[in-house]
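Working through the structure, step by step
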Amino acid sequence: MKKALALLCASAILGAVLSGCSSSSQPSSNTPSNSSANNSAPQSSAPSESTEPVSIRYMWWGSQTRHDQNIEMLKMYMEQNKNVTVEYEYGGFDTYWDKASAMAAANNLPDVWQMSVAYILSYADKGQLADMNPYIESGVIDCSDWEEVFKNLGVVDGKNYGLTLGNSAYCMIYDPDVFAQAGVTEPTLDWTWDDYLNTIKTITEKTDLYGDCQFPSSIMEGYQQYLRQNGQIGVVNEARDGLTYKNTDLWVKLFTMQKEQLDTGNVIPFDQAVTMQAIEQTGIATGQSAMMGVVNSNQAVAAANARGKELKVTCFPHDPNETQPGTFIGPTMFLSMSESSKNKDATAALINFLLNDPEANKICKMEKGVPASAAVREAVEPLLTETGKAVSQYVGEMGKIAPPYDNIYAVAYSEVNDLYNKLVQDMMFGRISIEDAGQQFITEADALLKAGASK
C-alpha cells in the first residue's frame, strides 16, 4: 500500500500533480456543440482564414469544476470561430486511460486530449502523438512569452508531444504568523539547510506547534531535489533504465537528518504523519505545524482554504556547496495532438487558444496549474487569493532558475516510488537501518527500471 504522504505530491505518478489528477464521479459525456459558418474575419485564434466547416474532437479528465470551465472556454472559442465545431468528451481519471487505450487500438483517438506525464512516453513511442514543434515554430501555437523550461516539458527525443496546461514546482508551505510568533525570519529563496533546521527547532521550542509536518525527504520528490543539488539529474538516469547513482552516501546523509528531526520532536511524529490522507489533514492545514516540508505548489491554496488563512510558499533549502538548485518545474498535465488527426492545423489553433488566450483563461483561473504564458498569468493573477498569487509568482521565479529536468516518467517509476515510500516508512519506524535501506533501494529500484525499459 502506498504511504499516505506520497498522495500529497503526485497522485500516484499517473497524473503528475494532485490538482492535475482530480477524479470525478460524473459519467462520461459527449456533448457536441454545433455552430454555423461565419464570413466575418476570424479572431487571432482562428485556425485559418477559411470559413469551411471543421470539426475537432477534444477529450479530458477532471472534476466537475474543470468540466464546466472547459465547456465555457470551448463555447467562447466557437463563438469566435463560427465555422469550428468542437466535440468534447470528459470523465473521471479512473476510467480515462482505459478509454484512451481502446480509442488508440481502434485508431480513433481525439484530435486533442489531456495527457499525463505517466503515459506520454508510451503513446509517443507508438507513433500516436503528433510533434507540435512545427506549429510552435510557425507561431500558430504562440510560445513567445513562455519561459524556455515550460516549452520543453513534453519533449521526447527532440519532438514536442505535449504542451503544458499548467505548471507547478515543489515547495514548502509556511504560516508567516507562526514565524512572527516565534521571532523567526521568514525564509527567502536562498535559504540553506542550516537555516531550515534552525527554523523548525526554534519554532518547536518557542510555540506549541511542530516546526514541520513533513520532512522534505518524506516523499521521493524531496529526495530528487537533494540529489540534484549534489550533481545528479534526479533519481532516474537519462535512458530511464536505471538509477543515477551507485552508492548510498547521499541517502544516508539525508535520511539521518530526517530521523534526527523526528527523534528530537521538531517534526510531527511519523505514525501521525502517515495517517494524513489529504492536504486538508496535514499539519500545515490543521494548524499543528508551522510548515509543510515538501509538497506540490498547487496544493498551497487548498491548504490555505482548510487552514482558513493565507499561507506563503518558499523553495527547498539550498546546500551551500550545491552544484545547481534542486528545484524542478513540472507540468500538471499536457495537451497532446494525435498523429491520426485529420485537422491538425485547426487543432493547433484550438490548442493555442486554450493555452494562451487571457480572457478564456480567466474562466479557469489556475485550476490546471500556473499557466506558461506570461500574458495569461498577468490576466489571471488579480482574480486569485493572496496564496494563489504567491504560488503563481513562486512558480514563475522557479522557472527562471530551475535546471533542465526530465518530467517524462520511466515505465517503472510508480513501482520505484512505491519501494521508496516503503523504505522511508521502514527506516523511520526503525525496522531497517538507513544504510541497508539505501542499498536495498539501489538494488531493487535499478532492477525495476531495467525491467520496465525492456518492455
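Small disclaimer: the values here were computed from a predicted structure and weren't measured.

On to the overall build of the protein chain, then. Looking only at helices and strands, the protein chain has 18 helices and 10 strands in total. Residues classed as buried in the protein chain amount to 59% of the 455 residues present. Restricting to contacts in the protein chain with at least 6 residues of sequence separation, those with at least 24 account for 77%. When the accessible surface of the protein chain is split by element, carbon and sulfur atoms take 47% of a total near 17500 Å².

Under the 1.5 Å per step criterion, the end-to-end length of helix H1 (residues 64-80) is 25 Å for 17 residues, consistent within 8% with the ideal 24 Å. Along H1, the positions that sit buried rather than exposed are Arg66, His67, Gln69, Asn70, Ile71, Met73, Leu74, Tyr77 and Met78. Contact partners of the buried residues in H1: strand S2 (54-61), strand S3 (84-91), strand S4 (112-115), strand S10 (329-337), helix H13 (344-356) and helix H14 (358-364).

Counted according to the given criterion, the structure contains 20 salt bridges. The residue Glu397 makes a salt bridge to Lys400 at a minimum N-O spacing of 3.5 Å. With a gap of 3 residues between them, Glu397 and Lys400 both fall in helix H16 (residues 386-401), about one helical turn apart. The exposure class assigned to Glu397 is partly exposed, which follows from its relative accessible area of 37%. With a relative accessible area of 54%, Lys400 lands in the exposed category. Its salt-bridge partner being Lys422, residue Asp426 comes within 2.8 Å of it at the nearest N-O pair. Remark: Lys422 and Asp426 occur in helix H17 (residues 413-428); sequence separation between them is 4 residues, near one turn of the helix. Through salt bridges with shared partners, a single network forms among Asp175, Asp177, Arg307 and Lys309.

The rules behind the values
- Residues numbered from 1 in each chain as written.
- Predicted model: local features only at pLDDT ≥ 70, side-chain atom pairs only at ≥ 80, totals over all residues.
- Heavy atoms only, no water.
- Helix = DSSP H or I, 4+ residues; strand = E, 2+ residues; numbered from the N terminus.
- Buried < 20%, exposed > 50% of the residue type's maximum accessible area, 1.4 Å probe, protein only.
- Contact = heavy atoms within 4.5 Å.
- Areas by Shrake-Rupley, 256 points an atom, 1.4 Å probe, with all protein chains shown as cover.
- Expected span 1.5 Å × (residues − 1).
- Salt bridge = Lys/Arg side-chain N within 4 Å of Asp/Glu carboxyl O.

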